[in-house]
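An overview of the molecular structure
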Amino acid sequence: MKNFNFYIPCLVLVTLLLSCNNKKFTEVVEVPLPTAQEKISVGIPDDVKADEGAFQLEKLPYSYEALAPNISTVTLEMHYSKHYLTYTNNLNKAVAGTELENLTIEEILAKLDLNDANTRNNAGGYYNHTLYWQIMGPKAGGKPTDILAEVIATDFGSFENFVTLFKDEATKQFGSGWVWLVVDNTGKLQVTSTQNQDNPLMKNALIPGTPILALDVWEHAYYLDYQYKRKIYIDAFFNVINWKKVAENYDAAIKK
């Protein structure tokens, strides 16, 4: 197994209690200690295997370090090998022995009982992350070309208008969730968002449609790299979008 070693400076949180007129104020101060370092070893994506079941992990089409500095090696490794793996294993447990076990993930999302929080959360988590990995890549970013570029210009007025709308939707999303570019039921491109692990394939979707681009705005997707500064993460995401893959997703969606 190939390992990558990283050294991350540790921070000590010092809590100061200040007394004034018998009132206490608590101040939390981050004190960097540049001489103290923690060694972290990161493996490779192919070493991560889901438990036996109906669904397996989507193979990550690039290495953990491939999207740096926009998405760090440590963030991508944690996201893929911990969060995504957990959703996959939990989904397999949830559908085992049920009528859902032999369905595709898209069929499960369209059919599932929204009151079944366990299946809803894990099926969504599996599908959403699978798409998220696919539409990113190294040496990516830029703008779409050919038919997808034309459709974006037609449906949003310009690529710049689309970027503004998508970033605004991602920035204003309250709490955990996802932002999507979808082909709606009329064949038009639309930007929408969902809470938690919901997605536009579910019955409760505000704008139903086939997702062709997905942005994860859960804190685990960006907190190690950008802390609370989600907007910087959103900007960085556009540097790693694989527009060729998004175009393939669009072609597949309009042929349905």
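Residues numbered from 1 in each chain as written. Predicted model: local features only at pLDDT ≥ 70, side-chain atom pairs only at ≥ 80, totals over all residues. Heavy atoms only, no water.

Structural notes on unusual backbone geometry
- Across the junction of Ala-68 and Pro-69, the peptide omega takes the value 5 degrees, indicating a cis bond.
- Locating Pro-69 in the fold gives a position in the loop between β2 (23-42) and α1 (73-95).
- Residue Asn-196 is not a glycine yet carries a positive backbone phi of 55 degrees.
- Checked against the element boundaries, Asn-196 lands in the loop between β4 (189-195) and β5 (209-216).
- The phi dihedral of Gln-227 is positive, around 55 degrees, even though this residue is not glycine.
- With respect to the secondary-structure elements, Gln-227 resides in the loop between α6 (223-226) and α7 (230-237). (Helix = DSSP H or I, 4+ residues; strand = E, 2+ residues; numbered from the N terminus.)

Points about the sheet that holds β4
- With respect to topology, 3 strands assemble into an open sheet ordered β4-β3-β5, the strand pairing being antiparallel. Of all the strands in the sheet, the pair left with one neighbour each is β4 and β5. Recorded for the sheet is a direction-independent mean angle of 30 degrees between the axes of neighbouring strands.
- Two strands pair when backbone bridges link them, and strand β3 (residues 177-184) and β5 are joined in this way by 7 bridges, in the antiparallel orientation. Bridging from a neighbouring strand, Trp-180 pairs with Ala-214 of β5.
- Of the strands in this sheet, β3 and β5 are in contact with helix α3 (residues 117-134), which crosses β5 at around 75 degrees.
- With respect to the sheet, helix α8 (residues 243-254) is in contact with β3, β4 and β5, its orientation differing from that of β5 by roughly 155 degrees. (Pairing = 2+ DSSP bridges. Axes fitted to C-alpha atoms, helices over the stretch in contact; angles between N-to-C directions. Contact = heavy atoms within 4.5 Å.)

Remarks on the nonpolar core
- Counting residues in hydrophobic clusters, the biggest one holds 70 residues, and the most contacted among them are Tyr-132, Met-136, Phe-162, Leu-189, Leu-213, Leu-215 and Phe-237.
- No other element matches α1, which puts 7 residues into this core.
- For Phe-237, the contacting residues outside a window of four places in its chain are Tyr-132, Ile-135, Met-136, Phe-166, Leu-213, Ala-214 and Leu-215. (Core = buried A, V, L, I, M, F, W, Y, C linked by side-chain atoms within 4.5 Å. Buried < 20%, exposed > 50% of the residue type's maximum accessible area, 1.4 Å probe, protein only.)

What about the packing of aromatic side chains?
- As enumerated under the stated definition, the model contains 21 aromatic pairs in all.
- Centre to centre, the rings of Phe-55 and Tyr-126 are 5.3 Å apart; their planes meet at 55 degrees, and the pair counts as tilted. Taken together, the residues span a long stretch of sequence, with Phe-55 in the loop between β2 and α1 and Tyr-126 in helix α3 at a distance of 71 residues.
- Judged by its relative accessible area of 8%, Phe-55 falls in the buried class.
- On the numbers, 6.2 Å between centres and 75 degrees between planes, the contact of Phe-162 with Trp-243 is edge-to-face. Residue Phe-162 is found in helix α5 (residues 159-172), and its partner Trp-243 is found in helix α8; the two are separated by 81 residues along the sequence. The same class applies to Phe-162 as to Trp-243, namely buried.
- Looking at Lys-167, its charged tip hangs above the ring of Phe-238, at a distance of 5.2 Å from the centre. (Phe/Tyr/Trp six-rings, centres within 6.5 Å; stacked < 30°, edge-to-face > 60°. Lys NZ or Arg CZ within 6 Å of the ring centre and 35° of its normal.)

Concerning the confidence of the model for the protein chain
- Mean pLDDT over the protein chain stands at 88; residues scoring 70 or higher make up 84%.
- Segment residues 4-38 is flagged for pLDDT under 50; beyond a separation of four residues in sequence, or across chains, it makes 56 contacts in the model. (pLDDT = per-residue confidence, 0-100.)

Things to note about the pattern of salt bridges
- Taken as a whole, this structure holds 9 salt bridges when the rule is applied.
- Among the ionic pairs, Glu-160 bridges to Lys-143, the shortest N-O distance being 3.1 Å. With Glu-160 in helix α5 and Lys-143 in the loop between α3 and α4 (146-156), the pair connects residues that are 17 residues apart, well separated along the chain.
- The partly exposed category is assigned to Glu-160, whose relative accessible area is 44%.
- A salt bridge links Lys-231 to Asp-235; the nearest nitrogen and oxygen atoms lie 3.7 Å apart. Taken as a pair, Lys-231 and Asp-235 lie in helix α7 at a separation of 4 residues, close to a single helical turn. (Salt bridge = Lys/Arg side-chain N within 4 Å of Asp/Glu carboxyl O.)

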